[in-house]
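Chain and residue survey
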Amino acid sequence: MKKIISIITILSILAVLIFTGNSYAAALDAVNVETSKNTVRPGEEVDVKVNFGEQLGAYTLKVSYDDAIFDYVSVDAGEANNTGDKVIVSFHDTTGGTNPRTSANVKFKAKADITTSNPTEFTLTAEGLTNADASVDYDDITTPIVKNVTVEPEYIDYTLKLEHTGNIIKEKENAMTLSYSSPMGKYYEHARLIAEATAPQGATVKLLGKDQSQLQHDIIQSGWGDAQGYKIGGKDVSQVLNVTGVFSEVGNYTITLKLIDRDNSDNIIAEKTFNFTAVEEQTQTPPTTPETTTPETKPEENVTTQKPTTLPKTGNNIYIPIILVLISLVSGYIYYNKRK
């Protein structure tokens, strides 16, 4: 009798298992979550892709995100409910197992106005997981799967400048302009500007600037600003300092500007070397006007006028004296005959 009861019990259990059609398995060990990018620029999209490793006929995914950094965009299958910081994606194959899913893709977009570096993460949990024909239920994924990403702008290197106009005159205060800038500068909590210089033997060079309290500092000797550094970074970074360069002797000098990160063992953020040549000051003398001399005039008595030795020809004037002579002769002859 006991044997019959045992056999009936076993058969009943088998019948229950057969007719219910479901069995419970371990968690989906092959589940894998990937992001399409590790670094996302402002305004760019990123996909969170879940590979199940099995064909699933139903699932509910919960993808949490930072809604201060991302906006939800879309999902490739199922119905999505965006709660603000979490997207709940529900899928159920209504074809009875002929259209299962092996993966799911949830798309997000980084906010366009981000100007800083933002390490963040997506976390995923899942429940209601079944195989294609709903004959197998999989364990819920309760331990979040975490994927890290960073949203930050595409930073542009800082540019250093040290400019002046005209000649560098030795021992004079030469007005110069020192600046650093970037259209999109990477953020640093404690950056600092320092300078190094080389000079001819026996010569010195100073790069002087005044702070907000009008205290003068030699940037070559002590750097610029707070010794612990100051915060820089963001869009359209620009700092311009009016400084004075003093070069003690004539010759060639170099000044190297460095922007350093105090939080990272004074790692160099940007660096540039500038060459200068100091010269003597040119003394300007008024131009001299050349003296004009008046030609010496000799006394009037010493001046002789040279007369021409021959008269110039004047046409028929040479016959006039001859005619006069002939007239005189004729007149004399007539007078003489009358008296006789």
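Rules behind the numbers
Residues numbered from 1 in each chain as written. Predicted model: local features only at pLDDT ≥ 70, side-chain atom pairs only at ≥ 80, totals over all residues. Heavy atoms only, no water. Helix = DSSP H or I, 4+ residues; strand = E, 2+ residues; numbered from the N terminus. Buried < 20%, exposed > 50% of the residue type's maximum accessible area, 1.4 Å probe, protein only. Contact = heavy atoms within 4.5 Å. Areas by Shrake-Rupley, 256 points an atom, 1.4 Å probe, with all protein chains shown as cover. Salt bridge = Lys/Arg side-chain N within 4 Å of Asp/Glu carboxyl O. Polar contact = N/O pair within 3.5 Å; in protein donor to acceptor, adjacent residues only side chain to side chain. Phe/Tyr/Trp six-rings, centres within 6.5 Å; stacked < 30°, edge-to-face > 60°. Pairing = 2+ DSSP bridges. Core = buried A, V, L, I, M, F, W, Y, C linked by side-chain atoms within 4.5 Å. Patch = residues over 30% accessible without salt bridge, like charges linked within 9 Å, V, L, I, M, F, W, Y side chains within 5 Å. pLDDT = per-residue confidence, 0-100.

Take the overall build of the protein chain next. Of regular secondary structure, the protein chain possesses 3 helices and 19 strands. Scored against the burial criterion, the 340 residues of the protein chain give a buried share of 31%. Residue pairs in contact within the protein chain that sit at least 24 positions apart in sequence constitute 73% of those at least 6 positions apart. In the structure as shown, the protein chain presents an accessible area of about 22800 Å², 51% of it carried by carbon and sulfur atoms.

Under the definition given, this model contains 13 salt bridges. Here Lys-111 makes a salt bridge to Asp-71, at a shortest N to O gap of 2.7 Å. Taken together, the positions of Lys-111 in the loop between β8 (101-110) and β9 (118-131) and Asp-71 in strand β5 (residues 70-75) put the pair 40 residues apart, joining distant regions of the chain. Lys-111 sits in the partly exposed class, given a relative accessible area of 22%. Linking Glu-189 and Lys-231 is a salt bridge whose minimum nitrogen-to-oxygen distance equals 3.8 Å. On the criterion of sequence distance, the pair formed by Glu-189 in strand β14 (residues 174-198) and Lys-231 in strand β17 (residues 230-247) is long-range, its members being 42 residues apart. For Glu-189, a relative accessible area of 46% corresponds to the partly exposed category. Given the relative accessible area of 55%, Lys-231 is considered exposed. A cluster of three or more residues bridged by salt bridges with shared partners is formed by Glu-45, Asp-47 and Lys-107.

With that settled, the discussion passes to the environment of Asp-93. Mapped onto the elements, Asp-93 comes out in the loop between β7 (86-92) and β8. Residues Asp-93 and Asp-133, 40 residues apart in the sequence, show an inter-C-alpha distance of 8.8 Å. Residues in contact with Asp-93, not counting those within four places in the same chain, are Gly-57, Thr-98, Asn-99 and Pro-100. Among the polar contacts listed, one links the side chain of Asp-93 to the backbone nitrogen of Asn-99, at a separation of 2.9 Å.

For the structure on display, the rule yields 10 aromatic pairs. With a centroid separation of 4.8 Å and 50° between ring planes, the pair formed by Tyr-65 and Phe-108 is classed as tilted. With Tyr-65 in the loop between β4 (45-64) and β5 and Phe-108 in strand β8, the pair connects residues that are 43 residues apart, well separated along the chain. By relative accessible area, Tyr-65 is classed as buried at 7%. Counting every residue linked through ring pairs, the aromatic cluster contains Tyr-65, Phe-70, Tyr-72, Phe-108 and Phe-122.

Our next topic: the pairing of β7. Here β7 shows a clear split, with Val-87, Val-89 and Phe-91 buried on one side and none of Lys-86, Ile-88, Ser-90 and His-92 buried on the other. Pairing of strand β6 (residues 79-82) with β7 involves 4 bridges; the strand directions are antiparallel. Looking across to β7, one finds that Asn-82 is bridged to Val-87. What sits between β6 and β7 in their antiparallel hairpin is a turn of 3 residues, with Gly-84 showing a positive phi close to 115°.

Before going further, it helps to spend a moment on the nonpolar core. Residues Tyr-59, Leu-61, Phe-70, Phe-108, Phe-122 and Leu-129 are the most contacted members of the largest nonpolar core, which totals 34 residues. Counting residues per element, the ones that place at least two in this core are β4, β5, β7, β8, β9 and β11 (141-151). For this core, the element with the most residues is β4, which contributes 8 residues. If we skip the residues at most four places from it in the chain, Leu-129 touches Leu-28, Leu-56, Ala-58, Tyr-59, Val-136, Asp-137, Tyr-138, Asp-139 and Ile-141. Membership of the second largest hydrophobic core comes to 32 residues, among which are Val-205, Ile-220, Trp-224 and Ile-255.

All right, on to a nonpolar patch on the surface then. A contiguous nonpolar patch, built from Ile-322, Leu-326 and Leu-329 and spanning about 310 Å² of accessible area, is present on the exposed surface. By secondary structure assignment, the location of Ile-322 is in helix α3 (residues 320-339).

Per-residue pLDDT for the protein chain has a mean of 85; in total, 78% of the residues score no lower than 70. Predicted confidence is poor over residues 14-23, with pLDDT under 50, and the contacts of this stretch with residues over four places away or in other chains come to 8 contacts. Across residues 298-315, where pLDDT falls below 50, the model places 1 contact with residues more than four positions away in sequence or in other chains.

One can find Asn-51 in strand β4. Separated by 17 residues in sequence, Asn-51 and Glu-34 have C-alpha atoms that sit 8.3 Å apart. Setting aside its immediate chain neighbours within four residues, Asn-51 contacts Ala-30, Val-31, Asn-32, Thr-102 and Ser-103.

With that settled, consider unusual backbone geometry. A positive phi angle is found at Ala-134, which is not glycine, with a value near 65°. Here Ala-134 is to be found in the loop between β9 and β10 (136-137). In this structure, Asp-236 takes a positive phi of about 55° despite not being glycine. Relative to the helices and strands, Asp-236 is located in strand β17. Its relative accessible area of 56% is what places Asp-236 among the exposed residues.

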